[in-house]
Amino acid sequence: MPIRTLVGPNVATLLKQAQLVIGADAVILHVRRIRTPDGTLFEVAAADPVSAARGGVAARSTPTAALEMIVPAQPARGPLIVALVGATGSGKTTTVAKLATHPRVFGSRRVGLLCLDTFRIGAIDQLRTYAQIAQLPFDVAYGSEDLERARGKFADCDVILVDTPGRSPRQKNDRASAGGLLEALAPQEVHLVIPAGTAPRLARMMVREARTPRVTHLLVTKCDEAPDENGVFDLAVDQALPIRWTTDGQDVPFDLASADEAMLAIRISRQSDHGGYREAVA
Ligand SMILES: Nc1nc2c(ncn2[C@@H]2O[C@H](COP(=O)(O)OP(=O)(O)OP(=O)(O)O)[C@@H](O)[C@H]2O)c(=O)[nH]1
Ligand SMILES: [Mg+2]
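In what follows, the accompanying structure is described. (Residues numbered from 1 in each chain as written. Chains lettered and ligands numbered in written order. Predicted model: local features only at pLDDT ≥ 70, side-chain atom pairs only at ≥ 80, totals over all residues.)

**Observations regarding the overall build of the chain**
Step number 1: Within the chain one finds 9 helices and 12 strands.
Step number 2: Sorting the 282 residues of the chain into buried and exposed places 43% on the buried side.
Step number 3: Pairs at least 24 residues apart make up 75% of the contacts formed inside the chain by residues separated by at least 6 positions. (Helix = DSSP H or I, 4+ residues; strand = E, 2+ residues; numbered from the N terminus. Buried ≥ 20, exposed ≤ 12 C-beta atoms within 10 Å, placed from the backbone. Contact = placed C-beta atoms within 7 Å.)

**Describing the environment of G23**
Step number 1: With respect to the helices and strands, the residue G23 is situated in the loop between α1 (11–22) and β2 (27–36).
Step number 2: Once the C-alpha coordinates of G23 and A47 are considered, the two residues, 24 residues apart in sequence, prove to be 9.3 Å apart.

**Things to note about the pairing of strand β8 (residues 189–195)**
Step number 1: Counting buried residues in β8 gives 6 out of 7 residues, a clear majority hidden from the surface.
Step number 2: Taken together, the 5 bridges between strand β4 (residues 80–86) and β8 define a ladder with parallel strand orientation. The partner of A83 across the bridge, within β8, is V190.
Step number 3: Inspection of the sheet shows β8 paired to strand β9 (residues 217–221) by 5 bridges, in the parallel sense. Considered in β9, the bridge of L192 is made with L218. (Pairing = 2+ DSSP bridges.)

**Regarding the site of ligand 1**
Step number 1: The full set close to ligand 1 counts 20 residues, and G91, T93, T94, G166 and T247 are the nearest of them.
Step number 2: Here the shell around ligand 1 is built from residues that sort into 1 nonpolar, 11 polar and 8 charged. (Near = placed C-beta within 6 Å. Nonpolar A, V, L, I, M, F, W, Y, C, P; charged D, E, K, R; others polar.)

**Considering the environment of D139**
Step number 1: Within the secondary structure layout, D139 lies in strand β6 (residues 138–140).
Step number 2: Along the backbone, D139 and R151 are 12 residues apart, and their C-alpha atoms lie at a distance of 9.3 Å.

**Thoughts on the packing of helix α3 (residues 92–101) against helix α4 (residues 123–134)**
Step number 1: The contact between α3 and α4 brings their axes to 10 Å, and the two run at 15°. Taken together, the axes of α3 and α4 are roughly parallel relative to one another. Like other packed secondary-structure pairs, α3 and α4 cross with a definite hand, here right-handed. Contact with α3, carried on its side by T93, V96, A97, A100 and T101, involves Q126, L127, Y130 and A134 of α4 and no other residues of that element.
Step number 2: Within the contact of α3 with α4, the residues separate by chemical class into 6 nonpolar, 3 polar and no charged. (Axes fitted to C-alpha atoms, helices over the stretch in contact; angles between N-to-C directions. Parallel < 35°, antiparallel > 145°, perpendicular 65-115°, else oblique. Left-handed = near helix turned anticlockwise from the far one by under 90°.)

**Quick word on unusual backbone geometry**
Step number 1: Residue P253 is reached from V252 by a cis peptide bond, and omega for that bond is 5°.
Step number 2: In this structure, P253 sits in the loop between β10 (243–247) and β11 (256–258).
Step number 3: Here the phi dihedral of K222 falls at roughly 60°; this positive angle occurs in a residue that is not glycine.
Step number 4: You can see K222 is positioned in the loop between β9 and α8 (231–239).
Step number 5: The exposure class assigned to K222 is buried, which follows from the 24 C-beta atoms found within 10 Å.

**Considerations on the nonpolar core**
Step number 1: V44, L161, V162 and L218 are the most contacted members of the largest nonpolar core, which has 77 residues in total.
Step number 2: The biggest single contributor to this core is α1, with 6 residues.
Step number 3: Here this core gathers at least three residues from each of two domains, domain 1 (4–62 + 268–281) and domain 2 (80–265).
Step number 4: Setting aside residues up to four positions removed in sequence, V162 forms contacts with I81, V82, A83, L114, L116, L182, L185 and P187. (Core = buried A, V, L, I, M, F, W, Y, C linked by C-beta atoms within 7 Å. Domains from an automatic or database assignment.)

**Remarks on the packing of helix α7 (residues 200–209) against α8**
Step number 1: Between α7 and α8, the least distance of the axes is 10 Å, while the angle of their chain directions is 40°. As summarised for this structure, α7 and α8 are arranged oblique, according to the angle between their axes. Crossing of α7 against α8: the hand is right-handed. Residues P200, A203, R204 and V207 of α7 form the contact with α8, whose participating residues are G231, V232, L235 and Q239.

**A look at the pairing of strand β5 (residues 111–115)**
The side chains of a regular strand alternate between both faces of the sheet.
Step number 1: With respect to burial, β5 is a largely interior element, 5 of its 5 residues being buried.
Step number 2: Because side chains alternate across β5, one face comprises the buried residues V111, L113 and C115, and the other comprises G112 and L114, equally buried.
Step number 3: As paired strands, β5 and strand β7 (residues 159–163) are joined by 5 bridges and run parallel to one another. Bridge pairing links G112 to I160 in β7.
Step number 4: Of the pairings in the sheet, the one linking β5 to β6 comprises 3 bridges and is parallel in character. Bridge pairing in β6 links L113 to F138.
Step number 5: The parallel pair β5 and β6, bridged by α4, forms a crossover whose chirality is right-handed. (Right-handed = clockwise from strand over helix to strand, strands pointing away.)

See below:
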């Protein structure tokens, strides 16, 4: 099977190049990090869908599916509802606060914060404090009866960010009511929050178990704690789940970046002799 291998410092550029060389339906076979004395480079291997299928590789993801713009599009009607789900302590609430207040993300769009985490002591106050500091509308939903009121409160919002209780991949029913509330809200985007240092097996399990509601994106947090890891990025490509946002610190709102910026920030620690961009045909 003719595989095109592209190497360069910017994954987003490489993915675009793969599309230019192969076509818009290019199938990404892998994205790998290559460390060099001068910085980190990435290798993207791609093939056309027919060759990929002949070689036993299903068309799992399009190149641009892996990394998305930091600014989401606004739906034609109604507010954009974005929910963050994930394990306890993964960084959901902090990231909701960053997204709500980072100047590059929603700009002048009016953002409201909805808390569904009525399980953990202090969770409501944590998000309410961010809302008060940023002077954003805030509400809490304990049950479906609260959703109508919350929608009314957010009537003039362009965006509603939804914080949810932490969940363990092995706990099937503990947060069932929050899952039900999320279903009722029908968010356009559901980001599964995974810290960068999460073991690949565990990260895969998190994706497998996070079914309700359907996850649309991965969101990689704590890149500062695992600056050398791109396992969650590989998982995103593998599962055809795009990454729009990443975080790399506790500073609200500024420790937030787009996925391609985060890929570039992954650090050098191993020597390699690769130079700038190059292309090879395997
Ligand atoms: N180093 C680092 N710490 C982070 C980052 N994002 C969040 N944290 C920290 O991680 C801890 C947990 O963050 P939270 O936002 O409360 O996590 P959560 O997922 O809402 O936790 P639960 O509500 O308990 O499920 C806090 O101490 C945050 O400051 C990050 O990008 N880097
Ligand atoms: Mg939280």
